[in-house]
Amino acid sequence: MKFQKAARPVIMGQNGMVSSGHYLASLAGVEILKEGGNAVDAALAAAFVSAVVKPETSGPGGDLFALVSMKKSGKVEALNASGPAPAKASIEEFHRRGLKSIPQYGPLAIAVPGAVDGWLELHKKYGTVDLPRLTADAERIGREGFPISLEFSEAVHELAPNYPWVDKYYRQPFGAAKPGKILAQPGLAGVFEKIARQGRAGFYSGEIGEKICATVKAEGGLLAPEDLQPVVCQWLEPLASTYRDTTVYEQPPVSQGFMVLEMLNIAEAWPFHDGSMSQAEMVHFQIAAKKLAFEDRIKHLEDPAFGDAKIIARLISKAHAAQRRLLVDEILRRPAASAGHQSSDTTYLCATDRDGNAISFIQSVFAPFGSRLIAGDTGVIMNNRLCSFGLDPSKANALKPGKRPAHTLNAYMVFRGGEVFAVGGSPGADEQPQTNFQIIHDLVDLDMDPQSAVEAPRWSHMPGTPPRDQLPEALRMEDGYPSATLDALRAKGHIVTVVDRWSFGSAKVIVRDRDNGSWLGGADPRRVAYALGW
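Residue numbers restart at each chain and count upward from 1, following the sequence in its written direction. At least 70 in pLDDT is required for a residue's local features to be given in this predicted model, at least 80 for side-chain atom pairs to be given and counted, and no such filter applies to totals for whole chains, interfaces and linings, which use all residues. Based on all heavy atoms of the structure, the side-chain values leave hydrogens and waters out of the count.

1. Looking at the sheet that holds strand E7 (residues 234–236)
Then, in step 1: Any two strands with at least two DSSP bridges between them are considered paired. Secondary structure elements are defined from DSSP: runs of H or I of at least 4 residues count as helices, runs of E of at least 2 residues count as strands, and each element is numbered from the N terminus. A sheet is described by the order of its strands in space; here seven strands give the open sequence E7-E4-E3-E11-E10-E2-E19, paired in antiparallel fashion. The two strands at the open ends of the sheet, each matched to only one other strand, are E7 and strand E19 (530–533). Taking the axes of each pair of neighbouring strands and ignoring which way they run, one obtains an average angle of 15° across the sheet.
Then, in step 2: As judged from the four bridges shared by strand E2 (residues 16–20) and strand E10 (residues 345–353), these two strands associate in the antiparallel manner. Residue pairing in the sheet places Val18 in a bridge with Ala351 of E10.
Then, in step 3: Contacts are assigned to residue pairs with any non-hydrogen atoms lying within 4.5 Å of each other. To get an axis, fit a line to the C-alpha atoms, keeping to the stretch in contact for a helix; angles then go from 0 to 180 degrees between the N-to-C directions. Relative to E10, helix H2 (residues 39–53) is tilted by about 155°, and along the sheet it contacts E2, strand E3 (63–70), E10 and strand E11 (358–366).

See below:
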């Protein structure tokens with residue numbers, strides 16, 4: 001591993017590591033590790049605190065996905081805790097209301113929340129610390145308050161003028177939500193107390209469930225009490241593929257995690273690791289692999305219970321990658337396919353412990369402040385995940401009652417020699433798989449330390465409106481790439497725009513030092529993110 005001088009140091013810990021989207025969440029997780037908890041215990045404590053200190057990104061009203069590697073099971077497992085469409089949510093219902101698409105925000109954008117089911121299932125299967133202890137920090141911070149960040153302040157001021165619920169709960173108490181102001185969330189603290197003491201019934205039924213459904217109904221939404229009763233989380237086999245001398249695990253559908261594996265499979269044939277290619281050549285081919293995988297997502301990604309359950313295995317095969325690789329020159333000249341509504345407010349965290357257990361964990365309400373609807377005085381921000389569906393019944397990911405929407409959420413694990421090598425992920429909607437792809441490349445091909453990999457400048461290739469004689473998508477590149485790289489990419493026809501140095505994603509990564517067994521943590525300066533070790 002090549003250690004480099006970065007803006008932040010690599011955090012090292014012999015007994016465990018937590019890297020998350022907020023320092024208070026990482027601190028809560030590390031305290032659990034110090035008390036004897038395992039990686040799952042630490043991740044849950046961090047996740048609960050994240051829901052309080054980063055409510056615009058995640059919480060009980062959202063969803064989660066996790067990859068878990070526990071010595072107890074001896075394998076990697078995938079947890080899907082994403083909620084389905086309500087029973088009344090149908091294409092016909094939206095057409096009856098005169099809508100040609102599902103609104104991006106508001107009560108009609110709300111899917112069944114799955115996060116609480118996921119938290120409780122993780123604790124039931126692998127938790128060793130009592131749930132009231134794991135929620136204690138979230139409850140305390142919710143009642144006592146915490147200083148809000150610049151990032152949170154900017155999100156409030158952007159949205160509060162147009163969304164009464166956001167204005168009421170996050171601007172009006174301050175007059176102005178300036179950084180450093182103390183935000184208390186007693187309602188949300190009460191929700192965590194009920195979950196810790198009553199389990200599933202503390203959220204999905206009783207007072208909290210009633211307030212959720214009453215608020216949604218009053219606002220004209222479709223979520224009803226009966227939608228909250230079935231447990232929505234499920235354990236699944238993770239997707240896996242090899243890359244160089246590693247095995248990479250990803251989330252199965254409805255996550256778009258297969259795209260990371262498909263991109264790696266396509267890229268594996270190119271010599272990114274031996275110094276024979278220029279940086280511009282590597283980026284050019286990486287973008288081609290990205291676009292080929294994105295095309296497959298648009299065509300095929302949906303809830304496998306409602307589609308072809310076998311298609312993803314073909315998409316992550318080496319044979320499929322070889323066929324797609326033949327289209328490299330052609331793909332960069334094709335128009336971009338539309339994926340519908342995308343958003344980027346999510347939080348990712350990972351945790352490891354002294355026994356070698358690891359968890360890669362991502363939770364989200366989808367857009368900043370989700371649907372922008374808060375369930376009464378509970379402080380629960382409801383997701384807007386239903387807007388991921390389309391209303392064309394002939395397309396993949398078309399809306400049906402009880403169907404899970406396709407998710408941008410994904411998280412990865414990398415094994416080398418049969419042991420955990422790296423655990424990581426990032427928020428960022430369509431930039432998630434692009435960021436994860438680039439960081440795995442940095443770790444495996446370039447042998448970078450985790451903090452340097454996280455801080456390295458990134459590219460983002462997204463739909464744009466270029467002239468017809470140029471490529472049909474825009475390539476935004478963070479400040480930090482050499483001018484020779486930028487010029488070479490422009491010479492290849494890319495429409496290159498240089499953007500702020502810290503623009504894409506918010507990656508967190510933990511790597512195992514093979515020489516001494518220590519955990520090495522990296523956390524992204526692009527948002528509020530910190531790694532802490534013990």
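2. As for the side chain of Ser58
Then, in step 1: Position of Ser58 relative to the elements: it lies in the loop between H2 and E3.
Then, in step 2: Exposure classes here rest on a 1.4 Å probe applied to the protein chains alone. A residue is buried below 20% of its type maximum, exposed above 50%, and partly exposed in between. Relative accessible area serves as the criterion here: at 2%, Ser58 is assigned to the buried category.
Then, in step 3: Within polar-contact distance, the side chain of Ser58 engages the side chain of Gln363 at 3.2 Å.
Then, in step 4: Residues contacting Ser58, with those up to four places away along its chain left out, are Ser50, Ala51, Thr347, Gln363, Ser364 and Val365. Nitrogen and oxygen atoms within 3.5 Å of one another constitute a polar contact, given that in protein one can donate a hydrogen and the other can accept it, and given that sequence-neighbouring residues count only through two side-chain atoms.

3. Side note on the environment of Phe437
Then, in step 1: Assignment of secondary structure puts Phe437 in helix H16 (residues 431–444).
Then, in step 2: Looking at Phe437, the relative accessible area reads 1%, which means it is buried.
Then, in step 3: Along the primary structure Phe437 and Gly187 are separated by 250 residues, whereas in three dimensions their C-alpha atoms are 39 Å apart.
Then, in step 4: With sequence-adjacent residues up to four places away left out, Phe437 is seen in contact with Met263, Leu264, Ala267, Gln286, Ala289 and Trp459.

4. Describing the side chain of Glu302
Then, in step 1: Note that Glu302 resides in the loop between helix H12 (279–300) and helix H13 (311–315).
Then, in step 2: Within polar-contact distance, the side chain of Glu302 engages the backbone nitrogen of Asn397 at 3.2 Å.
Then, in step 3: Leaving out residues up to four positions away in the same chain, Glu302 has contacts with Pro253, Val254, Gly307, Ala396, Asn397, Ala398 and Lys403.

5. Brief notes about empty space enclosed by the protein
Then, in step 1: Both site types are read off a 1 Å grid over the protein atoms alone. A 1.4 Å probe that fits but cannot get out defines a cavity, while an open set with protein on both sides within 12 Å along at least five of seven lines defines a pocket; lining residues have an atom within 4 Å of a point. Grid points are joined across faces, edges and corners, and a volume is the space filled by probe spheres set on the points. Counted by the stated rule, this structure contains three cavities of 30 Å³ or more.
Then, in step 2: Each pocket or cavity is described by its volume, and for the largest cavity that value is around 50 Å³.
Then, in step 3: In this structure, the largest cavity is lined by His22, Val53, Lys54, Glu56, Phe146, Ile148, Ser149, Glu151, Phe152 and Val528.
Then, in step 4: Gly is put with the polar residues, along with every residue not named as nonpolar or charged; the nonpolar set is Ala, Val, Leu, Ile, Met, Phe, Trp, Tyr, Cys and Pro, and the charged set is Asp, Glu, Lys and Arg. For the lining of the largest cavity, the residue count by class is five nonpolar, two polar and three charged.

6. So, the sheet that holds strand E13 (residues 419–425)
Then, in step 1: Pairing in this open sheet of seven strands is antiparallel, and the strands run E1-E18-E17-E13-E12-E9-E8 from one edge to the other. At either end of the open sheet lies a strand with only one pairing partner, and these are strand E1 (11–13) and strand E8 (239–243). On average, adjacent strands in this sheet sit at an angle of 20° to one another, irrespective of strand direction.
Then, in step 2: As paired elements, E13 and strand E17 (residues 508–512) share four bridges and run antiparallel to each other. Bridged to Gly425 within E17 is Lys508.
Then, in step 3: Together, E8, strand E9 (246–250), strand E12 (411–416), E13 and E17 form the strand contacts of H16, whose direction differs from that of E12 by roughly 20°.

7. Describing the nonpolar core
Then, in step 1: Residues Trp119, Leu122, Tyr170, Phe203, Ile359, Phe361 and Phe369 are the most contacted members of the largest nonpolar core, which totals 78 residues.
Then, in step 2: Counting residues per element, this core draws most heavily on H2, at 13 residues.
Then, in step 3: Phe272, Ala293, Ile312 and Val328 belong to the second-largest nonpolar core, a separate cluster that totals 56 residues. We define a nonpolar core as any set of buried Ala, Val, Leu, Ile, Met, Phe, Trp, Tyr and Cys residues linked to one another through side-chain atoms lying within 4.5 Å.

8. Re the pairing of strand E4 (residues 75–81)
Then, in step 1: Of all seven residues that make up E4, six are buried, and the element is covered over most of its length.
Then, in step 2: When E3 meets E4, the two strands line up antiparallel, connected through seven bridges. From the neighbouring strand, Val68 faces E4, where its bridge partner is Glu77.
Then, in step 3: Between E3 and E4, which pair antiparallel and follow one another directly, the connecting turn spans four residues, one of which, Gly74, has a positive phi of 75°.
Then, in step 4: Here E4 runs beside E7; their pairing, made up of three bridges, is antiparallel. Bridged to Ala78 within E7 is Leu236.

9. Focus on the environment of Val420
Then, in step 1: Along the polypeptide, Val420 turns up in strand E13.
Then, in step 2: The spacing of Val420 and Val248 is 172 residues in sequence and 10.0 Å in space, taken between C-alpha atoms.
Then, in step 3: Setting aside residues up to four positions removed in sequence, Val420 forms contacts with Ser69, Gly356, Ala358, Val414, Phe415, Arg512 and Trp519.

10. Describing the pattern of salt bridges
Two side chains of opposite charge can pair, provided their charged atoms sit close to one another.
Then, in step 1: Should a side-chain nitrogen of Lys or Arg be within 4 Å of a carboxyl oxygen of Asp or Glu, the pair is scored as a salt bridge. With the rule as written, the count across this model stands at 32 salt bridges.
Then, in step 2: Between Asp296 and Arg324 there is a salt bridge, and its shortest N-O distance comes to 3.5 Å. Here Arg324 lies in helix H14 (residues 318–325) and Asp296 lies in helix H12, a separation of 28 residues in the sequence.
Then, in step 3: Shared partners join several salt bridges into a network, and the residues in it are Glu35, Arg133, Asp137, Arg140 and Glu144.

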